[in-house]
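A structural walkthrough
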Amino acid sequence: MENSTQTLLFAAELIEDNGTYTLVVEDVGKGTVQSTPVPKAMVDKLPVFLAALTAKLGPPRPRRGW
C-alpha cells in the first residue's frame, strides 16, 4: 500500500453579498490573497465549467477494441 501526503496549495471561496459575487483565492504557500468581482452570469455557469474541467482532466478512460 502506498502512502501519500496531500498539501493544500490554493483555497478558493465564492462569496455572495446582497447579490454581488466575489471570488477570493488564497495562495497558501505564499500567504497571499487575491479577490475579484464575478458577474452573476459566470456564477450561474460555474457547474458547467467544473463539469468541463472534470471531463478534460479526469482520469483517462480505458481504450476498447484493440
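For the structure itself, look to the data block above.
What this report covers is the structure whose coordinates are included nearby. All residue numbers here refer to positions counted from 1 along the written sequence of the relevant chain. Local features in this predicted model are restricted to residues of pLDDT 70 or higher, and side-chain atom pairs are both shown and tallied only at a pLDDT of 80 or more, whereas totals for entire chains, interfaces and linings draw on every residue. Computation of side-chain values covers all heavy atoms of the structure but excludes hydrogens and water.

1. Notes on the overall build of the protein
Put simply, the test is: The helix and strand labels rest on DSSP assignments: H or I over at least four residues marks a helix, E over at least two residues marks a strand, and numbering proceeds from the N terminus. Categorising residues by exposure relies on relative accessible area from a 1.4 Å probe, with only protein chains included: less than 20% of the type maximum marks a residue as buried, more than 50% marks it as exposed, and the intermediate range marks it as partly exposed. Whether two residues are in contact is decided by their heavy atoms: any pair within 4.5 Å suffices. Each accessible area is a Shrake-Rupley result for a 1.4 Å probe, and residues are judged covered by the shown protein chains and nothing else.
The helix and strand tally for the protein stands at one helix and three strands. Scanning the protein from its N terminus toward the C terminus, one meets helices and strands in the order β-β-β-α. Among the 66 residues that make up the protein, the fraction classed as buried is 8%. Considering only residue pairs separated by 6 or more positions, the protein has 6% of its internal contacts joining residues 24 or more positions apart. Just so you have it, the protein exposes about 6,500 Å², and 58% of that area is on carbon and sulfur atoms.

2. Some remarks on helix α1 (residues 40-57)
In plain terms, the rule: For a helix, the expected span equals 1.5 Å multiplied by the residue count minus one. Two axes enter the bend calculation: one fitted to the seven residues ending at the residue in question, the other to the seven starting there, and the bend is the angle between them.
End to end, α1 covers 26 Å across 18 residues, agreeing with the expected 26 Å (1.5 Å per residue, within 8%). The sharpest bend along α1 comes to roughly 45 degrees, located at Leu46, with the proline Pro47 sitting one to four residues further on.

3. Comments concerning the layout of surface pockets
What counts is decided by this rule: Here a cavity is any set of points on a 1 Å grid over the protein atoms alone where a 1.4 Å probe fits but cannot get out, and a pocket is any open set with protein on both sides within 12 Å along at least 5 of 7 lines; a residue lines the site when it has an atom within 4 Å of a point. Grid points are joined across faces, edges and corners, and a volume is the space filled by probe spheres set on the points. Just so you know the grouping, Ala, Val, Leu, Ile, Met, Phe, Trp, Tyr, Cys and Pro go in nonpolar, Asp, Glu, Lys and Arg go in charged, and all remaining residues, Gly too, go in polar.
One number sums up the size of the largest pocket: a volume of about 180 Å³. Considering the residues around the largest pocket, the lining is formed by Glu13, Leu14, Leu23, Val38, Met42, Val43, Leu46, Phe49 and Leu50. Residue assignment for the lining of the largest pocket shows that the elements contributing at least two residues are β1 (10-17) and α1. Sorting elements by how many residues they give to the lining of the largest pocket places α1 first, with five residues. Across the lining of the largest pocket, the residue classes break down as eight nonpolar, no polar and one charged.

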